[in-house]
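Chain and residue survey
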Amino acid sequence: MQLPACLPLLTYYCPSLLFFLRISLYQNKVAASDLIQSSSEMKNKSASVSSSLLPAFGTVVDDGDLHLKRNVIAPYDRRYRWWQTFLVGLVIYSAWASILELTFDKAANGVLLFIDLVVDFFFAIDIILTFFVAYFDTSNFILVDDHLKIAFRYVTRFWLFMDVASTIPFPLINKILIDEWHTGQVFSLLNLLRLWRLYRVGELFKRLEKDIRFSYFWTRLLKLICVTLFAVHSAGCFYYWLAARHKPSEHTWIGRLIGDFKQKGFWHGYICSIYWSIVTLTSVGYGEFYSMNEGEKIFNSIYMLFNMGLIAYIIGNITNLVVQSVVKTFAMRDSINEVMRYASKNQLPEGMREQMLAHMQLKFNTAELQQEEVLKDLPKAIRSSIAQHLFWKTAEKTYLFQGVSDDFLSQLVSEMKAEYFPPRIEIILQNEIPTDFYILVSGAVDVVTYKNGTEQFLSNLESADMAGEIGVIFNIPQPFTVRTKRLSQVIRISNHQFKQMVQSESRDGKIIIANFMEYLRGLEKDMLQELPFLTELLADQNVQPTAQNEEKQNRETMDSTDGNTTGTSNTSDPSLSAGTIRVIIYGYHPSKKTISGDRLGKLIYLPNSIADLFNLAEKKLGKRGSTILMADGSEVEDLSALRENDHLFIV
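Rules and cut-offs
Residues numbered from 1 in each chain as written. Predicted model: local features only at pLDDT ≥ 70, side-chain atom pairs only at ≥ 80, totals over all residues. Heavy atoms only, no water. UniProt positions renumbered as here; feature names shortened; annotations may be inferred. Helix = DSSP H or I, 4+ residues; strand = E, 2+ residues; numbered from the N terminus. Buried < 20%, exposed > 50% of the residue type's maximum accessible area, 1.4 Å probe, protein only. Areas by Shrake-Rupley, 256 points an atom, 1.4 Å probe, with all protein chains shown as cover. Axes fitted to C-alpha atoms, helices over the stretch in contact; angles between N-to-C directions. Parallel < 35°, antiparallel > 145°, perpendicular 65-115°, else oblique. Left-handed = near helix turned anticlockwise from the far one by under 90°. Contact = heavy atoms within 4.5 Å. Nonpolar A, V, L, I, M, F, W, Y, C, P; charged D, E, K, R; others polar. Core = buried A, V, L, I, M, F, W, Y, C linked by side-chain atoms within 4.5 Å. Arc of directions from axis to C-beta. Phe/Tyr/Trp six-rings, centres within 6.5 Å; stacked < 30°, edge-to-face > 60°. Pairing = 2+ DSSP bridges. pLDDT = per-residue confidence, 0-100.

The name recorded for the protein in an unreviewed UniProt entry is Potassium channel, from Gossypium arboreum. Of the comments in the UniProt record for the protein, the one headed Subunit (unreviewed entry) reads "The potassium channel is composed of a homo- or heterotetrameric complex of pore-forming subunits." Looking at the Sequence similarities (unreviewed entry) heading of the UniProt record, one finds this comment for the protein: "Belongs to the potassium channel family. Plant (TC 1.A.1.4) subfamily."

Let us now look at the overall build of the protein. In terms of helices and strands, the protein carries 26 helices and 14 strands. Evaluated residue by residue, the protein yields a buried proportion of 43% over its 651 residues. Accessible area of the protein: about 36,800 Å², with a carbon and sulfur share of 58%.

Attention now goes to the packing of helix α12 (residues 216-244) against helix α13 (residues 266-282). Following both chains from N to C, one finds α12 and α13 inclined at 120°, their axes separated by 8 Å at the closest point. Looking at the two axes, α12 sits oblique to α13. The two elements α12 and α13 cross, and the hand of that crossing is right-handed. Of the residues in α13, those touching α12 at T228, A231, V232, H233, A235, G236, C237, Y239 and Y240 are G269, Y270, S273, I274, W276, S277, I278 and L281. Partitioned by chemical class, the residues of the contact of α12 with α13 number 11 nonpolar, 6 polar and no charged.

This paragraph deals with the nonpolar core. Soluble globular proteins: nonpolar side chains tend toward being buried together. The biggest cluster of nonpolar side chains holds 53 residues, and the ones touching the most others in it are L100, Y240, W253, I254, Y270, W276 and F299. Secondary structure elements with two or more residues in this core: α4 (78-103), α6 (111-130), α11 (198-210), α12, α13 and α14 (294-345). The contact partners of I254, leaving out residues within four places of it in the chain, are Y240, A243, F261, C272 and F289.

Moving on: the environment of G625. Among the secondary structure elements, G625 is positioned in the loop between α26 (610-621) and β13 (628-629). A sequence separation of 12 residues divides G625 from L613, and the C-alpha atoms of the two residues are 9.6 Å apart. Residue contacts for G625: discarding those within four places in its chain leaves F614, I650 and V651.

Among the residues of helix α20 (residues 495-504), those classed as buried are N495, F498 and M501. Viewed end-on, α20 has its buried residues packed into an arc of 140°, placing them on one side of the element. In α20, the exposed positions that point more than 90 degrees away from the buried face belong to H496, Q503 and S504. Buried positions along α20 lie against α18 (406-414), β5 (436-442), α19 (469-474), β10 (488-494) and α21 (506-521).

Counting across every chain of the model gives 30 aromatic pairs. Residues W83 and F86 carry aromatic rings whose centres are separated by 5.9 Å and whose planes lie at 40° to one another, so their mutual orientation is tilted. On the criterion of helical spacing, the pair formed by W83 and F86 is a turn pair, its members being 3 residues apart in helix α4. Under the relative-accessibility criterion, F86 is labelled partly exposed at 38%.

The element β10 is extensively covered by neighbouring structure, given that 6 of its 7 residues are classed as buried. Relative to β10, strand β3 (residues 417-421) is paired through 5 bridges, and the arrangement is antiparallel. Bridging from a neighbouring strand, K417 pairs with R492 of β10. Across 6 bridges, the pairing between β5 and β10 is antiparallel. Residue pairing in the sheet places F437 in a bridge with I493 of β10.

Read across the open sheet, the 4 strands follow the order β4-β9-β6-β7; overall the sheet is antiparallel. Where the open sheet ends on each side, the last strands, each with one partner, are β4 (426-428) and β7 (454-461). Averaged over all pairs of adjacent strands, the angle between strand axes in this sheet comes to 35°, irrespective of strand direction. Of the strand pairs in this sheet, strand β6 (residues 445-451) and strand β9 (residues 481-484) are connected by 4 bridges, and their pairing is antiparallel. The partner of V447 across the bridge, within β9, is V482.

Below, the discussion takes up the packing of α18 against α20. Between α18 and α20, whose axes approach to 11 Å, the crossing angle comes to 165°. As judged from the angle between their axes, α18 and α20 are roughly antiparallel. Relative to α20, α18 is oriented so that their crossing is right-handed. Where α18 approaches α20, its residues F408, Q411 and L412 are matched on the opposing element by F498, M501 and V502. Residue classes in the contact of α18 with α20 are distributed as 5 nonpolar, 1 polar and no charged.

The share of residues in the protein with pLDDT of 70 or more is 76%, and the mean pLDDT across the chain is 75. The low-confidence segment residues 1-65 (pLDDT under 50) makes 101 contacts with residues lying over four places distant or belonging to another chain. The low-confidence segment residues 543-578 (pLDDT under 50) makes 22 contacts with residues lying over four places distant or belonging to another chain.

A few words on the UniProt feature "transmembrane region" (unreviewed entry) in the protein. The positions UniProt marks with the feature "transmembrane region" (unreviewed entry) are residues 80-99, 111-137, 221-242, 267-286 and 298-316. Secondary structure across residues 80-99 divides into 100% helix and 0% strand, with the first and last C-alpha atoms of the span separated by 29 Å. Annotated as 80% helix and 0% strand, the span residues 267-286 places its first and last C-alpha atoms 22 Å apart.

In structure tokens:
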């Protein structure tokens, strides 16, 4: 009656042995291939982060830099880990064989006895090694390498007693000293102490679940299968043990059908036991094998109660694994159904429904490609490196950033966000606030405008082209609508971030303005008609080359008259200091009160000299002035002191 009562405890501490044998062999195979393939070495380094055995902060992990005491082994040493993996294989064998030897006397007295002695020898070596393995103090997470502390910790705990008890060769002692049946069974039961070694398998499995080299889904699935197989093995062996020790043998589950089952041999009894165990585990049995005495009835009751928990555990885990694999699909279907219900309830047009549906499908299909979702938890330096690797060449090809410094382009690319758009989706709407501009990475878009309710096609943009930059730079509502023609990937940067970077990098900002003005000069007439202020702006820029040439000639004349100053002359281009600054000019004194219409000024690009400014003011305002004043009444004597968007009063 004591043996059936201990069965739940035994089966609880018997996880899947076959599973860990396969995992151990596979782990050895992976480690061997790491010596050949450098790509897998990087993956193994990443996998080591998932180990359940991690040192505290400040503890050196590199084997070559460890400063442990002499004859002390680091717990994360590669050689010690290989030893532990080897012992796991021995644990698998000993757990399987200990139950088998208890049930079948022929197995206990055969070749398994010699193998048991070899296995016990290796575990005896491991007991000795444990006295030299450093450990982490759980109170402060410091690696302890003191020999006395290591030994005291191992001796004063329950581990040493159980390790020694599970290593004693009880079958050999029984065979040499005692030959009585009842005493021999006691030694056979003591041999089950070897199941204590299964804690090593549990520790290994915890690390394997976190190891990225193994699929979590298949790891869990194999564990469930092997747990079931070991439960079948254990239950079948114990049930046969009950029948073999019961008298008369005809009043047993197997003796009723096979009277001489003890003489049939080892495999015959083992197969019958496994058959009964599988049928009972998966159903209520077929009726050919059933309990014949009280001991078997008690065992069957316990086994079927255990089966209820095991089946619930298996079904729950498999359901969880399956649900995890399709959870994204469920989320996509639910979102699409909600979108369709919303469109139907509000009676949206068919075109809007198709756009909403296409956007939701694209969102889930490209979820793993979305830059923000994937990279949001990574440090900024890693995100920046990834963005440069992906989008540097595309940003470098755009007209606006040709010629800028690498530092500026690196900062710009790091702030860009990637997005996907399905076909026939408006990326930019006409007259919307300019919050971002876009660079097309792949795909194609159409630039269109609306006049009196009709759509007019203006141009087509492809890879490395830009959209929305006119509204951002001029700070005006977006003049055009940009619509995708096919699946397109774009990178965008916000208006605020772009202007901050341009203001901090004045030289690159001047290059960007020069590239932008050159682009405006090459616009088609249809697009220029939609931006009437550009015609006047470009006309103002036509006078800039003349002023620049005159300034260049004056500088060359000064350099030729004073040869001593050529080496220290100012190498900056005056056209960059004045020709790219925008100011607003007025034709009256700042203290004068005028009607609202007369107070409107003219936005111009600041010329390179005061004389040119007076000439340009006369052209714009219709009268010539002789003095330049600021809003506070102070007089301007040097144009280099002016800044962007200053208000000048020409009187």
